[in-house]
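# Reading the structure
Spelled out from the first residue to the last, the chains are:
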Amino acid sequence: MHKTLSVAKDTWWVGVNDYETDLFESLWPLPQGVAYNAYVVLGDKTAAVDTVKGPWFDDYIDKVATALDGRALDYLVVNHMEPDHAGVIGRLKHTYPGLEIIGNAKTLPLLKEYHGIEKDVIQVKDGESLDIGGHVLTFHTIPMVHWPESMVTFDATTRTLFSNDAFGGYGAHEGGLFDDEKPRERWEGEMLRYYATIVARYSGMVQTALKKLSALDIANIYPAHGTLFRQDIGQAIELYDRWSKQETERGVVVAYGSMYGNTRRMAEAVCRGISEGGVKDVRLYDAARSDTSLILRDIWRYKGLVLLGCTYNTLLFPALDALCVKLINRMPKKRVLGIAGSYSWSKGALDALRAFAETVKLEKIGPEVEVFAAPTAADLERCLELGKNMAAAVA
Ligand code: FEO
C-alpha cells in the first residue's frame, strides 16, 4: 500500500504493510503479513506518532513527506520503544534535525541505548499534554501493555486514541484500513492471535489500562498494528475486556504430542467424547506440527484444554513441553484442564503434565489417563470419558 491516507481531520496514516517478515519477533508466523501503523498530525506544529520497523524506512519517510507537504516535522511521539515501531527514529531525526522526541521516563533510557539520542528529548508525565495548535495531544502511560514505557496518545480534537500495540492485530491491510472496510472475521482472529502471543501475559495490566482509558471520550482507536477502529470502537474494547478478564467461549482445545500415533489416537478419542458431549467447537492440534500461535489463540478463546503427551527420553514430548512453557508464561485462568500421557520403557509424560497442572492451577477434569505402549479399548474408553467430562465442564 503506497498511499498516504487521511484518517481523521489533519491526521494521516503513514504506516506500511510488511509481507516480507516471516516470523514476528522471530517466533510467530505472519501468513497475512503485518502492518506497522504510524501517523502524522498537522496543527500549527507537526507531530508524528510512532514510526515503523527499520527496513521500511524509505516507504515510511515518503509518506511522512507527503503528509507534511513541504513542512518540517516538529515532534515525534514515541508510544513504545520496541523496534517494530521505533526502528527508524534515528534516521527520522537525521532527516528532520529540528525534531523533538517525546517520551516518558521509561522511554528515554531505551531511546539512548537503541539510538544514541539524548538531545532534543521532551520527557512527559502521565496525563501531560502537548498543544501543537489545533490539536492537543495527551499522553497516558499504560505500563506493561506490554513494555514498561508503553503509553497511548489521545488527540482531543479528533477524539482519536493512538493506542500502539493495544488493540493491535496481525495481518497487513488489504486495501481497507478501517473496521468498516473489512469483514470482522478477517481481523478478529488475527487480533486474538496477536493478543494471545504478545499481550496475554499482561492481562491484569490491560484491565488497569482499560479502566484508566474509559475516562476518555474516544471516537477512534488507531493501533500500531492491524485494523483501525472508527465505526465501532466498542467491539475492540469489548474484545480486549473479555480477553484480559480471561472470559472464554464454550469449546475445547486438544493438543497432543505423539511419535507413533498412539497418543494421537487417545487425543482423537477425547475429541470424540467432547463431541458426544454436545460441544461443537473442538480444536485438535498436533503440537509438533501446528503453528503454536494458533494453539495459543484458541486456548485463549475456549474454556477447555486437554493436553496429551507421550514420554520422550523420560520426559514430556518436547513439542508439548514447549507449549506448556509458553502457557505458564501467559498465566491462563478460568479454564478447565484435562491431562493424559503415554509411555513405553519409562514413564515421565503424565508426571510432567501433573506438574504443569500444579503450576497453572487450572481446575482439573478427570479422569487422568496413562497408557502403556498402545491404548487398549479400555484406555480409549477412558479418553472418551475424559472428553465427555470436559464437554460437561465447559457447558
Ligand atoms: Fe508492536 Fe511491542 O511492538
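Preceding this section is the structure that the text describes.
I will try to describe carefully the structure that is included in this document. Note that this is a predicted model, so its numbers are computed, not measured.

### As for the side chain of Arg301
- Position of Arg301 among the secondary structure elements: in helix α9 (residues 292-301).
- Setting aside anything within four residues of it in sequence, one finds Arg301 in contact with Glu188, Gly189, Leu192, Thr248 and Glu249.

### Some thoughts on the sheet that holds strand β14 (residues 151-155)
- A sheet is described by the order of its strands in space; here five strands give the open sequence β12-β13-β14-β15-β16, paired in mixed fashion. Of all the strands in the sheet, the pair left with one neighbour each is β12 (129-131) and β16 (220-223). Taking the axes of each pair of neighbouring strands and ignoring which way they run, one obtains an average angle of 20° across the sheet.
- For β12 and strand β13 (residues 136-141), the ladder comprises three bridges, and the chain directions are antiparallel. Looking across to β13, one finds that Asp131 is bridged to Val136.

### Details of empty space enclosed by the protein
- According to the stated counting rule, one finds one cavity of 30 Å³ or more in the structure shown.
- Computed from the structure, the largest cavity encloses a volume of approximately 40 Å³.
- Along the walls of the largest cavity sit Ile142, Val145, Ala166, Phe167, Val206, Ala209, Leu210, Leu213 and Tyr240, which together make up its complete lining.
- Of the residues forming the lining of the largest cavity, the biggest block, four residues, is contributed by helix α6 (residues 203-213).

### Points about a nonpolar patch on the surface
- On the surface, a cluster of nonpolar side chains totalling about 370 Å² of accessible area is made up of Met259, Tyr260 and Tyr312.
- Of note, Met259 is situated in the loop between β17 (249-257) and α8 (262-276).

### Observations concerning the sheet that holds strand β11 (residues 121-123)
- Taken in spatial order, the seven strands make up an open sheet running β1-β2-β7-β8-β9-β10-β11, and their pairing is mixed. Two strands close off the open sheet at either side, each with one partner strand: β1 (5-8) and β11. Ignoring which end each strand starts from, the neighbouring axes of this sheet average 25° apart.
- When strand β10 (residues 100-103) meets β11, the two strands line up parallel, connected through three bridges. Within β11, the position partnered with Ile101 by the bridge is Val121.
- In the packing of helix α1 (residues 57-68) onto the sheet, the strands contacted are β2 (11-13), β7 (39-42) and β8 (46-49), and the crossing angle to β7 comes to about 15°.

### Describing the environment of Gly103
- Note that Gly103 resides in strand β10.
- On the accessibility criterion, Gly103 (0% relative accessible area) is buried.
- Beyond its immediate stretch of four places on either side in the chain, Gly103 contacts Val78, Leu108, Ile122, Gln123, Val124 and Met151.

### Some points on the packing of aromatic side chains
- The full count for this structure, using the stated rule, is 15 aromatic pairs.
- Ring geometry for Trp187 against Phe229: centres 5.1 Å apart, planes inclined by 80°, an arrangement best described as edge-to-face. Placement of Trp187 in helix α5 (residues 184-199) and of Phe229 in the loop between β16 and α7 (233-244) is noted, with a sequence separation of 42 residues between them.
- The buried category is assigned to Trp187, whose relative accessible area is 6%.
- On the basis of relative accessibility, which here comes to 0%, the residue Phe229 falls in the buried class.

### Structural notes on α7
- The end-to-end C-alpha separation of α7 is 17 Å, in line with the 16 Å expected for 12 residues at 1.5 Å each.
- Within α7, burial applies to Ile233, Gln235, Ala236, Leu239, Tyr240, Trp243 and Ser244. For α7, the angular spread of the buried residues around the axis is 165°, confining them to a single face.
- You can read the cap of α7 off the contacts: a side-chain oxygen lies 3.1 Å from the backbone nitrogen of Gly234, and it is on Asp232.
- Positive backbone phi, at 60°, marks Gln246, one or two positions downstream of α7.

Calculation rules
Residues numbered from 1 in each chain as written. Predicted model: local features only at pLDDT ≥ 70, side-chain atom pairs only at ≥ 80, totals over all residues. Heavy atoms only, no water. Helix = DSSP H or I, 4+ residues; strand = E, 2+ residues; numbered from the N terminus. Contact = heavy atoms within 4.5 Å. Pairing = 2+ DSSP bridges. Axes fitted to C-alpha atoms, helices over the stretch in contact; angles between N-to-C directions. 1 Å grid on protein atoms, 1.4 Å probe; cavity = no way out; pocket = protein on both sides within 12 Å on 5 of 7 lines; lining within 4 Å. Points joined across faces, edges and corners; volume = space filled by probe spheres on them. Patch = residues over 30% accessible without salt bridge, like charges linked within 9 Å, V, L, I, M, F, W, Y side chains within 5 Å. Areas by Shrake-Rupley, 256 points an atom, 1.4 Å probe, with all protein chains shown as cover. Salt bridge = Lys/Arg side-chain N within 4 Å of Asp/Glu carboxyl O. Buried < 20%, exposed > 50% of the residue type's maximum accessible area, 1.4 Å probe, protein only. Phe/Tyr/Trp six-rings, centres within 6.5 Å; stacked < 30°, edge-to-face > 60°. Expected span 1.5 Å × (residues − 1). Arc of directions from axis to C-beta. Polar contact = N/O pair within 3.5 Å; in protein donor to acceptor, adjacent residues only side chain to side chain.

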